[in-house]
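# Structure assessment
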Amino acid sequence: VTPSRAAITPAGRVLASILLVAGVATAPTRAWPACAALAAACLVVTRPRLRWLCGRVFLALFPIVALVVPVALHDPPRAAAIGARAVSALLIALGIASTLALASLPGALRTLGAPRVLAATIHSMLWQIEHVGDEGEVERALVIGAKLSITPRLAVRVNPSFDLKGSGMKMG
C-alpha cells in the first residue's frame, strides 16, 4: 500500500529527495538506465503539472549541457551517461518539489537539522524565483486562467515611494 502525499511530512519528502538525488548523482556511469527508470517512477508517483515541470526543466538543462559538452568532445558515450544521470536527478528533485508548498520548506529543513539561516535563505531564494515577473504578467495570468476556467493565484509586492532621510538614498 502506497502512503498518500499527505501522510508523508514535508521533512520526509525533502529527505527522500536528498537521498534519491544523491544516489542518482553518485551512481556508476553504467547505471544510467536504472537512474532514468527511477526518475520516471518518481514523476508517475508525484504527478507534477506538465507546464510547471517543463518550465523548470528547460532552465535547468542549460547548466547540465554546459557541463556535459566538454566531456562529449572526448568521450561521447560517457557524456551521454553523465547527462542522463544529471537529468534523472533533476527530474526526481522537481517531482518531489512539486509536492511541497513553498511555505513548508523552511520548517522541513529545520526539522532535518538545517541551520535557521540556511533554511531562511533557501526559502527566500525560491520565493523570489517563483514570484519574479513584469507588469504584463498579471494580465497574462488572468487571460490564461480565463481560458482554463480557473482563477490564478497571484502575489503582489508594492515598493512604496519614500526618502530615507539622512542616508543619501532616495527610493521611488
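You'll find the structure just up there.
Residues numbered from 1 in each chain as written. Predicted model: local features only at pLDDT ≥ 70, side-chain atom pairs only at ≥ 80, totals over all residues. Heavy atoms only, no water.

### What to know about the overall build of the protein
Convention followed: Comment: elements are numbered from the N terminus, with helices defined as DSSP H or I runs of at least four residues and strands as E runs of at least two. For every residue, the accessible area (1.4 Å probe, protein chains only) is compared with the maximum for its type, and the residue is labelled buried under 20%, exposed over 50%, or partly exposed between those bounds. Contacts are assigned to residue pairs that have any heavy atoms within 4.5 Å of one another. Computed with the Shrake-Rupley method and a 1.4 Å probe, the accessible areas treat only the protein chains shown as cover for residues.
From N to C terminus, the protein includes seven helices and two strands. Listing each helix as α and each strand as β along the protein from the N terminus yields α-α-α-α-α-α-α-β-β. Expressed as a percentage of the 172 residues in the protein, the buried residues total 23%. For the protein, restricting intrachain contacts to residue pairs at least 6 apart in sequence, the fraction spanning at least 24 positions comes to 67%. For the protein, the accessible area works out to roughly 12,200 Å², and carbon and sulfur atoms hold 68% of it.

### A short note on a nonpolar patch on the surface
For clarity, the cut-off: Residues with no salt bridge and a relative accessible area higher than 30% make up the patches, which join like charges within 9 Å and nonpolar side chains (Val, Leu, Ile, Met, Phe, Trp, Tyr) within 5 Å. Basic side-chain nitrogens of Lys or Arg form a salt bridge, by our definition, when they fall within 4 Å of a carboxyl oxygen of Asp or Glu.
Together, L15, I18, L19 and L112 give the surface a local cluster of nonpolar side chains, amounting to about 360 Å² of exposed area. A relative accessible area of 57% means that L19 is categorised as exposed.

### Digging into the nonpolar core
Quick reminder of the rule: Joining through side-chain atoms within 4.5 Å is the link that ties buried Ala, Val, Leu, Ile, Met, Phe, Trp, Tyr and Cys residues into a set, and such a set is a nonpolar core.
Judged by nonpolar contacts, the single largest core of 18 residues is most densely connected at V24, L53, V57, L90, L91, I92 and L94. Of all the secondary-structure elements, those providing two or more residues to this core are α2 (32-46), α3 (50-74) and α4 (76-97). Per element, the largest residue contribution to this core is seven residues, and it comes from α4. Among residues more than four places away in sequence, those in contact with L94 are W52, L53, R56 and V57. Counting seven residues, the second-largest nonpolar core is a separate cluster that includes L105, L109, A114 and A119.

### Thoughts on the packing of aromatic side chains
Note the threshold: Two rings belonging to Phe, Tyr or Trp (six-membered ring only in the last case) form a pair when the distance between their centres is within 6.5 Å. Interplanar angles under 30 degrees mark stacking, angles over 60 mark edge-to-face geometry, and anything in between is tilted.
Taken as a whole, this structure holds one aromatic pair when the rule is applied. With 5.2 Å between their ring centres and 80° between their planes, F58 and F62 make a pair best called edge-to-face. With F58 and F62 both in helix α3, this residue pair falls four residues apart, about one helical turn.

### Examining the environment of A27
Within the fold, A27 resides in the loop between α1 (10-25) and α2. Taking the C-alpha atoms as reference points, A27 and R85, 58 residues apart in sequence, are found 8.1 Å from one another. In this structure A27 touches C35 and R85, once residues within four positions along its chain are discounted.

### Description of the packing of α3 against α4
Between two packed helices, the angle of one axis relative to the other and the distance separating the axes together describe the packing. Here is the rule we go by: Interaxial angle, 0 to 180 degrees, is taken between N-to-C directions of lines fitted to C-alpha atoms, where a helix line uses only the stretch in contact. For classification purposes, angles smaller than 35 degrees are called roughly parallel, those larger than 145 roughly antiparallel, those between 65 and 115 roughly perpendicular, and all remaining angles oblique. Note on convention: near helix rotated counterclockwise from far helix by under a right angle means a left-handed crossing. Clockwise means right-handed. Classification convention: Asp, Glu, Lys, Arg as charged; Ala, Val, Leu, Ile, Met, Phe, Trp, Tyr, Cys, Pro as nonpolar; all other residues, Gly among them, as polar.
Between α3 and α4, whose axes approach to 9 Å, the crossing angle comes to 160°. Put simply, α3 runs roughly antiparallel to α4. The chirality of how α3 crosses α4 is right-handed. Here W52, L53, R56, V57, A60, L61, I64, V68, V71, A72 and H74 of α3 come into contact with α4, specifically with P76, R78, A79, I82, G83, A86, V87, L90, L91, L94 and A97. Along the lines of polarity and charge, the residues of the contact of α3 with α4 split into 18 nonpolar, two polar and two charged.

### Notes on the packing of α2 against α4
Relative to each other, α2 and α4 sit at 20°, their axes nearing to 8 Å. Taken together, the axis directions place α2 and α4 in an arrangement best described as roughly parallel. In terms of crossing hand, the pair formed by α2 and α4 is left-handed. On the side of α2, the interface is formed by W32, C35, A36, L38, A39, C42, L43 and T46, while α4 contributes A81, A84, R85, S88, L91, I92, G95 and I96. Each residue belonging to the contact of α2 with α4 can be placed in one class, and the counts come to 12 nonpolar, three polar and one charged.

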